[in-house]
Amino acid sequence: MPQNTAPVIAFLGTGSMNGSILRGVLASGVPADRVRATTRSADSARCLAEETGVQVLSSEADADANARAVDGADLVLLGVKPYAILELCDEIREALDPQTVVVSVAAGITLDAMAEHLADGQPTVRSMPNTPSSVGRGVVSVTGGHHTTPEQLAIVREVLAQVGTVVEVPENQVRAVTGVSGSGPAYVFLLAEMMQKAGEKLGLDPEVARVLAKETVSGAGVLLSPDDADAEALRKAVTSPNGTTERAINTFLDGGVEQLVADAAAASANRGDQMEEEFCG
Ligand SMILES: NC(=O)C1=CN([C@@H]2O[C@H](COP(=O)(O)OP(=O)(O)OC[C@H]3O[C@@H](n4cnc5c(N)ncnc54)[C@H](O)[C@@H]3O)[C@@H](O)[C@H]2O)C=CC1
Ligand SMILES: O=C(O)[C@@H]1CCC=N1
């Protein structure tokens, strides 16, 4: 993305997820002066500003912080917790330019609910990103709202492409995206935690077990990185007939791991549905 034409982006609520996208956007070469951010506390605003060089306003220190941050922005990324998204829409509604595209990264908040809390005709996008965005290896879905033009959606896609792979899905599939990739990094980290514990049980020093587990998961991730990489083929390359890995894989499969992963993804998706009912009515 050419630096002088980069859209001005405001990140409202810059914690784990919006912070990951912010760091990824900056790492891709978007200049810090094209970006603003808000957090709740003055301390976190100061830390983030020092780390990134971006102007960060605190909503605790300045009640107008969010409204001020969206002034002149082309894109606004809403990154507060789901229960607070619609309140934040109310807060910034009058300060938004009619052309500004409002992108929510929240689970369980629908495009219709956002539209009800913004001015008529305000362009909106619902997205479901994940935290590897901070290292440019995120994967994120986008769904355009009723008033979002293809050109506006293309700009959002272009910005998010700086932090990873972008897919477009209909809104009724965001629940499935959440179950696979939104929550997904946590599944992989859980596996790494369990591999470390297993190593300790097998008698390894905890630090050695930590390094083995962490490097195995991250190294396997690198092998899976090329576009044409195939998880099944990579697994088979480790699995010698009647060897050690075959015994381990069969232990996973006999223990019902496939059903367990499907159940976990469905539980995440179903919680997204529940949140829609709780917060969007
Ligand atoms: N953490 C993740 O891996 C993912 C999170 N999400 C979505 O991202 C959103 C945020 O989640 P996290 O980043 O995990 O939460 P978080 O708690 O780390 O971040 C929320 C941030 O919002 C700030 N904040 C709260 N109220 C504010 C206000 N009125 N004005 C300005 N800043 C305010 C907080 O200080 C905090 O920095 C949620 O809606 C979640 O559904 C989506 C995909 C993945
Ligand atoms: O746990 C959550 O609700 C958020 C949404 C997807 C990942 N983290």
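Residues numbered from 1 in each chain as written. Chains lettered and ligands numbered in written order. Predicted model: local features only at pLDDT ≥ 70, side-chain atom pairs only at ≥ 80, totals over all residues. Heavy atoms only, no water.

Q: Help me understand helix H4 (residues 82-92) in this model?
A: Working note: α-helix, 3.6 residues per turn, so residues spaced by three or four point in the same direction. Looking only at H4, the buried set comprises Pro82, Ala84, Ile85, Leu86, Leu88, Cys89 and Ile92. In this structure, the buried residues of H4 make contact with strand S1 (9-12), helix H3 (65-70), strand S4 (75-78), strand S5 (101-104), helix H5 (111-116) and helix H12 (257-280). (Buried < 20%, exposed > 50% of the residue type's maximum accessible area, 1.4 Å probe, protein only. Helix = DSSP H or I, 4+ residues; strand = E, 2+ residues; numbered from the N terminus. Contact = heavy atoms within 4.5 Å.)

Q: How should I be thinking about the confidence of the model for the chain in this particular structure?
A: Detailed conclusions should not be drawn from predicted coordinates in areas where pLDDT is low. Considering every residue of the chain, the mean pLDDT works out to 97; 99% of them sit at 70 or more. ipTM for the predicted complex: 0.99, alongside a pTM of 0.97. (pLDDT = per-residue confidence, 0-100.)

Q: Could you clarify how one ought to interpret the site of ligand 1 in this entry?
A: Around ligand 1 lies a shell of 20 residues, among which Ser16, Met17, Asn66, Val80 and Ala107 are the nearest. Within the backbone of Met17, a nitrogen or oxygen atom sits 2.8 Å from an oxygen atom of ligand 1. Within the contact set of ligand 1, a nitrogen atom lies 3.1 Å away from a side-chain nitrogen or oxygen of Asn66. If you map ligand 1 onto the pockets, it falls in the second largest pocket. Secondary-structure elements contributing two or more residues to the shell around ligand 1 are helix H1 (16-27) and strand S2 (35-39). (Near = heavy atom within 4 Å. Polar contact = N/O pair within 3.5 Å; in protein donor to acceptor, adjacent residues only side chain to side chain. 1 Å grid on protein atoms, 1.4 Å probe; cavity = no way out; pocket = protein on both sides within 12 Å on 5 of 7 lines; lining within 4 Å. Sits in = over half its atoms within 2 Å of the grid points.)

Q: How should unusual backbone geometry be read in this particular structure?
A: Peptide bonds are mostly trans, and most non-glycine residues show a negative phi. A positive phi is found at Asn242, a non-glycine position, where the angle reads about 60 degrees. Within the fold, Asn242 resides in the loop between helix H10 (231-238) and helix H11 (244-254).

Q: Before we go on, may I ask you to explain the side chain of Thr178 in this structure?
A: Mapped onto the elements of the fold, Thr178 is located in helix H7 (residues 174-182). Residue Thr178 is classed as buried on the basis of its relative accessible area, which comes to 10%. Those residues in contact with Thr178, other than ones at most four positions away along the chain, are Met128, Ser183, Tyr187 and Ser268.

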